[in-house]
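Overview (structure and organization)
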Amino acid sequence: ACDPLRPLVPPAGKTRRQGPRCVKYRFLIDANLSPVLEAAAWDRGHEAYHVRTLGRENDGDPVLLALIEAEGYTLVTNNIVEFRARYRNRQLLHAGVVFIAQATRGRRFQLGAFEAALEHIAVHGPINAMEVLVLPDPAAGYVVATNPLP
């Protein structure tokens, strides 16, 4: 939900071109994805940081998971098998995860997949303790599914 008491203020060098003036989700974009995904989230009124933006690109997954839990981030990654296993072993509720399958197709594919996930979230609502899985689809471009985390 949008918190009007928490104004949306993009970091230096980022601009908010459209969307509400408050934060809806906070995304942490994993090192295996492009930093250009940040702008897609900011444009839709979300907060988003690539791990490189935060100077955390060399942090291991356990350190990033602790940060995600402490700061209320929704992780965006393509490490589906690895992070499903890591979340399965966690007991805390969290702000969900966005999995982009086949992200090795490049930056344009990643951006389109993340935009599809953001649209799905906007239409279908909260994703706390959920995974949003984005798969390529030859006909539609992307297929997005939401499931409870294991």
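Each chain has its residues counted from 1, following the order in which its sequence is written. With pLDDT at 70 or above as the cut-off, local features in this predicted model cover only qualifying residues; side-chain atom pairs require 80 or more to be listed or tallied, and sums for whole chains, interfaces and linings still use all residues. Derived side-chain values reflect all non-hydrogen atoms in the structure, with water molecules and hydrogen atoms excluded from consideration.

1. Observations concerning the confidence of the model for the protein
With 80% of its residues at a pLDDT of at least 70, the protein reaches an overall mean of 83. Scored between 0 and 100, pLDDT is the confidence that the predictor attaches to each residue. Any two residues having at least one pair of non-hydrogen atoms within 4.5 Å are treated as being in contact. Every residue in residues 1-8 is under pLDDT 50, and counting partners more than four places away or in other chains gives 25 contacts. Below pLDDT 50 for its whole length, residues 15-21 participates in 19 contacts with residues either more than four positions away or in separate chains.

2. Comments concerning the pairing of strand β5 (residues 74-77)
Each regular strand carries side chains that alternate between the two faces of the sheet. The buried label applies to any residue whose accessible area, calculated with a 1.4 Å probe on protein chains only, is under 20% of its type's maximum; exposed applies above 50%, and partly exposed to all values in between. Only DSSP runs of H or I covering at least 4 residues are called helices, and only runs of E covering at least 2 are called strands; the numbering of each starts at the N terminus. Of the two faces of β5, the one lined by Thr-74 and Val-76 and the one lined by Leu-75 and Thr-77 are each fully buried. Where strand β3 (residues 26-29) meets β5, 3 bridges bridge the pair, whose relative direction is parallel. Bridge pairing in β5 places Leu-28 opposite Leu-75. Criterion used throughout: strands pair if DSSP finds at least two bridges between them.

3. What to know about the pairing of strand β8 (residues 141-148)
Alignment of strand β7 (residues 130-137) against β8, held across 8 bridges, turns out to be antiparallel. By the bridge assignment for β8, Val-132 is matched with Thr-146. Turn length for the β7-β8 hairpin, with the two strands adjacent in sequence and antiparallel, is 3 residues.

4. Some remarks on the environment of Arg-44
As for its position among the elements, Arg-44 is in the loop between α1 (37-43) and β4 (47-50). Taking the relative accessible area as the measure of exposure, Arg-44 reaches 25% and is therefore partly exposed. A C-alpha to C-alpha distance of 8.9 Å links Arg-44 and Lys-24, two positions 20 residues apart in sequence. Polar contacts here mean pairs of N or O atoms no more than 3.5 Å apart (in protein, one a potential hydrogen donor and the other a potential acceptor; neighbouring residues in sequence count only if both atoms are side-chain atoms). There is a polar contact of 2.9 Å between the side chain of Arg-44 and the backbone oxygen of Ala-40.

5. Description of helix α4 (residues 107-124)
For α4, built from 18 residues, the straight-helix expectation of 26 Å at 1.5 Å per residue is met to within 8% by its first-to-last C-alpha distance of 25 Å. Among all positions in α4, only Phe-109, Gln-110, Gly-112, Ala-113, Phe-114, Ala-117, Leu-118, His-120 and Ile-121 are buried. Of the surrounding secondary structure, the elements contacted by the buried residues of α4 are β3, α1, β5, β6 (97-100), β7 and β8. Of the residues flanking the end of α4, it is Gly-125, one or two places downstream, whose phi is positive at about 90°. By this rule, a helix spans an expected 1.5 Å times one less than how many residues it contains.

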